[in-house]
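A structural walkthrough
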Amino acid sequence: MFKGSMTALVTPFRNGELDLDTLKQLVEWQISEGTSALVPVGTTGESPTLTHAEHETVVTEVVKASAGRVPVIAGAGSNNTLESLRLAQHAESVEADAVLVVTPYYNKPTQVGLIAHFTAIHDATSLPIFIYNIPPRSVIDMSPATMGELAKLPRIVGVKDATGDLARVSAQRMTCGTDFIQLSGEDATAHGFNAQGGVGCISVTANVAPGLCAQLQAATAAGDYAKALEVQDRLMPLHQAIFTEPGLVGVKYAMSKLGLCSEEVRLPLTGLTDGTRALVDAALRHAGLLN
């Protein structure tokens, strides 16, 4: 159920407000392009600057629009355990298929604190839970040993791994077992991640290139890494250009070039510089997405 190309969905805005019509159109397009799951209100969905009400609205609308055709893994992360728990319970109430819970940022819990945080959320919902381990943003790095302890809980089913360390996949297979669902959280290493034992990617680039990202994932699942590498070569400049500045800013600009949504983001993020725009434009042409 949880494998392949999963899009870390942007939250489109119009004049500072949620653009729900465009959000629904994006869901339709993503599904038609072969995306295997949708992940709303993560960092790429601008969860840090959404109100709680907006966060819940986005999850609700994505679940409705997807209508069971692909799984919805709702962002439910916070550095406040009670808040994360509440977001997970809301996701369950609107029939999301799973939740994505980031390691608590800023307050820097210990490994023991991480276990307590995730256990509390696990015990408060019946949904499958994906751990989101992203040390560059949260500062905290969940160790493979800690992840192995959490994997013993029946509803902690996998990880979105954004460490960029491909050796982690093998280490986590050792501590969590081979059935633990390992998803890359870094577009540029998704090809190699699957070779190590991963089964998919929660992708930023898939917002603008869902078909290509789905092709790459399908090729690795079939064991055709040569074909997957051809797709990766088309995508790599786009991965790099999108993340020259904050990735959601880069991908919203790329989407705006294809007429998919506005490039509007919320402060403290701002629009791309002219130099980065040129990089994204060139990368879109290299990928065959822009004339």
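Look up: the structure comes first, before these words.
If you're wondering where the values come from, they're calculated on a predicted model, not measured in any experiment.

Below, the discussion takes up the packing of helix 9 (residues 210-221) against helix 10 (residues 225-242). Where helix 9 contacts helix 10, the axes come no closer than 8 Å and their chain directions differ by 155°. When the interaxial angle is binned, helix 9 and helix 10 end up roughly antiparallel. Between helix 9 and helix 10 lies a crossing whose hand is left-handed. Between helix 9 and helix 10, the contacting residues are Leu212, Cys213, Gln215, Leu216, Ala219 and Thr220 on the first element and Tyr225, Lys227, Ala228, Val231, Gln232, Arg234 and Leu235 on the second. Within the contact of helix 9 with helix 10, the residues separate by chemical class into eight nonpolar, three polar and two charged.

For Thr125, the location among the structural elements is in the loop between helix 4 (111-124) and strand 7 (129-133). There is a polar contact of 2.7 Å between the side chain of Thr125 and the side chain of Glu92. If we ignore the near neighbours within four places in the chain, the residues touching Thr125 are Ala88, Glu92 and Arg155.

One pass over the full model with this rule turns up one aromatic pair. Positioned above the aromatic ring of Tyr132, the side-chain terminus of Lys160 is 4.1 Å from the ring centre.

On the basis of which strands lie adjacent, the open sheet formed by eight strands has the order 4-1-10-9-8-7-6-5 and parallel pairing. Each edge of the sheet is formed by a strand with only one pairing partner; in this case those strands are strand 4 (37-39) and strand 5 (73-75). Direction aside, the axes of adjacent strands within the sheet are offset by 30° on average. Two elements, strand 6 (residues 98-102) and strand 7, share four bridges in a ladder whose sense is parallel. By the bridge assignment for strand 7, Val102 is matched with Tyr132. Of the strands in this sheet, strand 7, strand 8 (156-161) and strand 9 (181-184) are in contact with helix 7 (residues 167-176), which crosses strand 9 at around 165°.

By the secondary structure assignment, Glu245 is in the loop between helix 10 and helix 11 (247-257). Notably, Glu245 is buried but unbridged: the nearest opposite-charge side chain belongs to Arg277, and the N-O separation is 7.6 Å. A polar contact is formed between the side chain of Glu245 and the side chain of Thr273, at a distance of 2.7 Å. Apart from the residues within four sequence positions on either side, Glu245 is in contact with Gly271, Leu272, Thr273 and Thr276.

Looking now at unusual backbone geometry. Residues Leu267 and Pro268 are joined by a peptide bond in cis, for which omega reads 15°. A positive phi angle, near 60°, is found at Glu46, a position not held by glycine. Classification of Glu46 as buried rests on a relative accessible area of 2%. At Ala67, a position not held by glycine, the phi torsion is positive, near 50°.

What counts as what
Positions within a chain are numbered from 1, following the residues in the order the chain's sequence is written. Per-residue local features are limited, in this predicted model, to residues with pLDDT of at least 70; the limit for side-chain atom pairs, both in listing and counting, is 80 or more; totals at the level of whole chains, interfaces and linings are taken over all residues. Hydrogens and water molecules were not included; the side-chain quantities draw on all heavy atoms of the structure. The angle between two axes is taken between their N-to-C directions and runs from 0 to 180 degrees, where each axis is a line fitted to C-alpha atoms and a helix contributes only its stretch in contact. Under the scheme used here, helices are H or I runs from DSSP no shorter than 4 residues and strands are E runs no shorter than 2 residues, and both carry numbers assigned from the N terminus. An angle below 35 degrees is read as roughly parallel, one above 145 as roughly antiparallel, one from 65 to 115 as roughly perpendicular, and any other as oblique. What makes a crossing left-handed is the near helix being turned counterclockwise from the far one by less than a right angle; a clockwise turn instead makes it right-handed. Here a residue-residue contact requires only that any non-hydrogen atoms of the pair lie within 4.5 Å. Polar here means any residue outside two lists: the nonpolar Ala, Val, Leu, Ile, Met, Phe, Trp, Tyr, Cys and Pro, and the charged Asp, Glu, Lys and Arg; Gly therefore counts as polar. Pairing of N or O atoms within 3.5 Å defines a polar contact, subject to two protein rules: one partner must be a possible hydrogen donor and the other a possible acceptor, and residues neighboring in sequence count only if both atoms are side-chain atoms. Here the aromatic set is Phe, Tyr and Trp, taking the six-membered ring for Trp, and pairing holds for ring centres within 6.5 Å; pairs whose planes are under 30 degrees apart are stacked, those over 60 apart are edge-to-face, and all others are tilted. Whether a charge sits over a ring comes down to the Lys NZ or Arg CZ being within 6 Å of the ring centre and within 35 degrees of the ring normal. Two strands qualify as a pair provided DSSP detects at least 2 bridges between them. The classification of residues rests on relative accessible area computed with a 1.4 Å probe and restricted to protein chains. Under 20% of the type maximum is buried, over 50% is exposed, and intermediate values are partly exposed. We count Lys and Arg on the positive side and Asp and Glu on the negative side, and we leave His and both chain ends out. Any Lys or Arg side-chain nitrogen found within 4 Å of a carboxyl oxygen on Asp or Glu counts as a salt bridge.

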